[in-house]
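Now for the letters of each chain:
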Amino acid sequence: MRRLGYLFRCIENAYSIIPLSLQGLPDRNQLVDTTINLHAFWINIFGAIDNLAWVWVKERHVVKIDGNELPDTWIGLKRSNTIVRESFSPQFKAYLEDIDGWFDAIEGYRDGLAHRIPLYIPPYRVLTADQERYCQLDTQMFAAQTHEEHLQLAREQDGLKAFWPMMTHSYSENARPIMFHAQMIADYRLMAELARRLLDELRKA
């Protein structure tokens, strides 16, 4: 329950720091503070999933075939956690299979954050049609002879920039950029639904 509270607060913070009504580009502090909340959000989503698995294993005394306790790394709700999954009802197993893609996405963002490339909000985007001009302006600014000339070129380049509230982690790991405001809401709702369904499963067992 504490994790759900953290998730909700992260959503509030993200919407407050970079509101949907934002005009222009966010400054560095807005980007950094929102990114910190994204990090906290996805770490706690991953942790909440593991918490639910541990509750089930402890409450229902799920063990290995030989009667020994499951190693920590075997406890989870993903498709690889076969012993835990086999201990659920057919209906709950089918539900977990339906959201396997979500588990994979959450694990990908968590692993990227914890071990490789942290979640990242690009500070701006440039339309494909404007990219050639953007690069030309870079070259011209480098060759500018006066400060005034450089500023004029920089202002034109800034006019080609626009902000989309997207996040990703690594462009080389097929991490699809996602709109983080909507994704946080969707993930929170799914997390709450997963918890409710597991509670129902406990009541049936």
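In the block above lies the structure referred to throughout.
In short, a report on the structure. (Residues numbered from 1 in each chain as written. Predicted model: local features only at pLDDT ≥ 70, side-chain atom pairs only at ≥ 80, totals over all residues. Heavy atoms only, no water.)

Section: unusual backbone geometry
Look at His61: it is not a glycine, yet its phi comes out positive at around 50°. Checked against the element boundaries, His61 lands in the loop between α2 (28-59) and α3 (82-86). Judged by relative accessible area, His61 falls into the exposed class, the value being 64%. (Helix = DSSP H or I, 4+ residues; strand = E, 2+ residues; numbered from the N terminus. Buried < 20%, exposed > 50% of the residue type's maximum accessible area, 1.4 Å probe, protein only.)

Examining the nonpolar core
Counting residues in hydrophobic clusters, the biggest one holds 43 residues, and the most contacted among them are Met191 and Leu194. Put simply, the parts of the chain that give this core at least two residues each are α1 (2-17), α2, α4 (90-98), α5 (100-115) and α8 (180-204). Top contributing element to this core by residue count: α2, with 12 residues. Listed in part, the eight residues of the second largest apolar core include Val126, Met141, Ala144 and Leu160. (Core = buried A, V, L, I, M, F, W, Y, C linked by side-chain atoms within 4.5 Å.)

Quick notes on the packing of α5 against α8
The interhelical angle for the contact between α5 and α8, taken along N-to-C directions, is 120°, at an axis separation of 12 Å. Put simply, α5 runs oblique to α8. For the element pair α5 and α8, the recorded crossing hand is left-handed. Seen from α5, the contacting residues are Trp102, Phe103 and Ile106; seen from α8, they are Asp187, Leu190, Met191 and Leu194. Residue composition of the contact of α5 with α8, by class: six nonpolar, no polar and one charged. (Axes fitted to C-alpha atoms, helices over the stretch in contact; angles between N-to-C directions. Parallel < 35°, antiparallel > 145°, perpendicular 65-115°, else oblique. Left-handed = near helix turned anticlockwise from the far one by under 90°. Contact = heavy atoms within 4.5 Å. Nonpolar A, V, L, I, M, F, W, Y, C, P; charged D, E, K, R; others polar.)

Let's talk about α5
For α5, spanning 16 residues, the distance from its first C-alpha to its last is 22 Å, which sits close to the expected 22 Å at 1.5 Å a residue. Turning to α5, its buried residues are Asp100, Trp102, Phe103, Ile106, Tyr109, Asp111, Gly112 and Leu113. In the core, the buried residues of α5 are packed alongside α2, α3, α4, β3 (166-167), β4 (178-179) and α8. (Expected span 1.5 Å × (residues − 1).)

Re the layout of surface pockets
Empty space within the largest pocket amounts to approximately 340 Å³. For the largest pocket, the lining is made up of 14 residues, of which Met1, Leu4, Asn51, Leu52 and Ala195 are closest to its centre. Among the elements that line the lining of the largest pocket, the one with the most residues is α8, at five residues. Per-class residue counts for the lining of the largest pocket are 11 nonpolar, one polar and two charged. (1 Å grid on protein atoms, 1.4 Å probe; cavity = no way out; pocket = protein on both sides within 12 Å on 5 of 7 lines; lining within 4 Å. Points joined across faces, edges and corners; volume = space filled by probe spheres on them.)

A word on empty space enclosed by the protein
This structure, assessed with the given rule, holds one cavity of 30 Å³ or more. Space inside the largest cavity adds up to approximately 60 Å³. For the largest cavity, the full set of lining residues is Phe46, Ile49, Asp50, Gly76, Leu77, Lys78, Phe103 and Glu107. When contributions to the lining of the largest cavity are tallied by element, the ones reaching two or more residues are α2 and α5. Sorting elements by how many residues they give to the lining of the largest cavity places α2 first, with three residues. In the lining of the largest cavity, the residues fall into four nonpolar, one polar and three charged.

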